[in-house]
Amino acid sequence: MEWKKFAVETKNRNPWPLVTEAISISRCTGLALDIGSGGGADSRAMNDAGFLVYAIDSEPQALRNVKGLGGIMPLKIDLAKEKSELPKGKYNMVVAYNSLPFFGRKNAFEIMSETKMRMSKRGVFVFSLFGKDDDFVKRKKAFSVTKEEIYRKFKGWEMVHFIEEHKTEGKKWHILKGILRKR
Ligand SMILES: C[S@@+](CC[C@H](N)C(=O)[O-])C[C@H]1O[C@@H](n2cnc3c(N)ncnc32)[C@H](O)[C@@H]1O
């Protein structure tokens, strides 16, 4: 995957609608994480809303996209490694949009466990993962999840919004995405 090119090409896109929705339902600001920040639009949207954002990516161009913006701390971390260290603190919002599927199933599930533990009560988690019919999954570039696995992983959390979609836009997409809130 050419993440440098991706980070350049998506630098000026708008935040994802689910991120905008999550910001609007979030009861407070505080600390936020953008896991696999890429172009940086979601980090910037959270920052504009008043969050102090850790933008995490292994691609230097992604970090350059948010460098020097007050309130965004770019962090170079390879999350496909075992036991990757997430920044310390209690997060009020976490965005993991189209990034976890590229870290390997075991690492991604560990990151989700750690995120769950570190999130504050009423904190919101925005996710986008891939289903089995996605071309990235078929080409073995990413792993897939089922709706049941997501619900099991976040048992006890409120599923504020959940969407499963199939579409063809350049490639075949099979996306499972949504907003979860810690009770
Ligand atoms: C498909 S992009 C999604 C970016 C952004 N969240 C979005 O929705 O536009 C995946 C991002 O994950 C990052 N990434 C891929 N492998 C990574 C790894 N091992 N550790 C940290 N970030 C990684 C890429 O550099 C890229 O920015």
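Check the entry above for the structure.
Okay, so let's go over this structure. Given the structure is predicted, the values throughout are model-derived calculations rather than measurements.

Helix and strand counts for the protein chain come out as seven helices and seven strands. N-terminal to C-terminal, the α/β element order of the protein chain is α-α-β-α-β-α-β-β-α-β-α-α-β-β. Radius of gyration (C-alpha) of the protein chain: 15 Å, near the 16 Å computed for a compact globule of 183 residues. Seen through its C-alpha atoms, the protein chain measures out along the principal axes to roughly 40 × 40 × 30 Å. Evaluated residue by residue, the protein chain yields a buried proportion of 39% over its 183 residues. Of the contacts made within the protein chain by residues no fewer than 6 positions apart, 60% connect residues no fewer than 24 positions apart.

Next up on the list: unusual backbone geometry. The backbone of Asn98 sits at a positive phi, close to 55°, despite the residue not being glycine. Structurally, the position occupied by Asn98 is in the loop between β4 (91-97) and α5 (105-118). The backbone phi angle of Lys140 is positive, close to 60°, even though this residue is not glycine. With respect to the helices and strands, Lys140 occurs in the loop between α6 (135-138) and α7 (147-153). Exposure remark for Lys140: the 7 C-beta atoms within 10 Å place this residue in the exposed category.

Our focus in this paragraph is the sheet that holds strand β7 (residues 171-181). With respect to topology, seven strands assemble into an open sheet ordered β3-β2-β1-β4-β5-β7-β6, the strand pairing being mixed. Among the strands making up the open sheet, the edge pair consists of β3 (72-76) and β6 (158-169). On average, each strand axis in the sheet is inclined to that of its neighbour by 10°, with strand direction left out of account. Alignment of strand β1 (residues 30-35) against β4, held across three bridges, turns out to be parallel. Across the sheet, residue Ala32 finds its bridge partner in β4, namely Met93.

Let us look at the site of the ligand. If you check the shell around the ligand, you find 19 residues, and the closest are Trp3, Gly36, Gly38, Glu59 and Ala80. A per-element tally of the shell around the ligand places helix α1 (residues 3-9) first, with three residues. Considered class by class, the residues forming the shell around the ligand number nine nonpolar, seven polar and three charged.

Looking now at the pairing of β4. By the criterion of burial, β4 is predominantly enclosed, with seven of the seven residues buried. Across six bridges, β4 lies against strand β5 (residues 119-130) in parallel orientation. Note on β5: the bridge partner recorded for Val95 is Val126.

Thresholds, definitions, all that
Residues numbered from 1 in each chain as written. Predicted model: local features only at pLDDT ≥ 70, side-chain atom pairs only at ≥ 80, totals over all residues. Helix = DSSP H or I, 4+ residues; strand = E, 2+ residues; numbered from the N terminus. Rg over C-alpha atoms; globule rule 2.2 N^0.38 Å. Buried ≥ 20, exposed ≤ 12 C-beta atoms within 10 Å, placed from the backbone. Contact = placed C-beta atoms within 7 Å. Pairing = 2+ DSSP bridges. Axes fitted to C-alpha atoms, helices over the stretch in contact; angles between N-to-C directions. Near = placed C-beta within 6 Å. Nonpolar A, V, L, I, M, F, W, Y, C, P; charged D, E, K, R; others polar.

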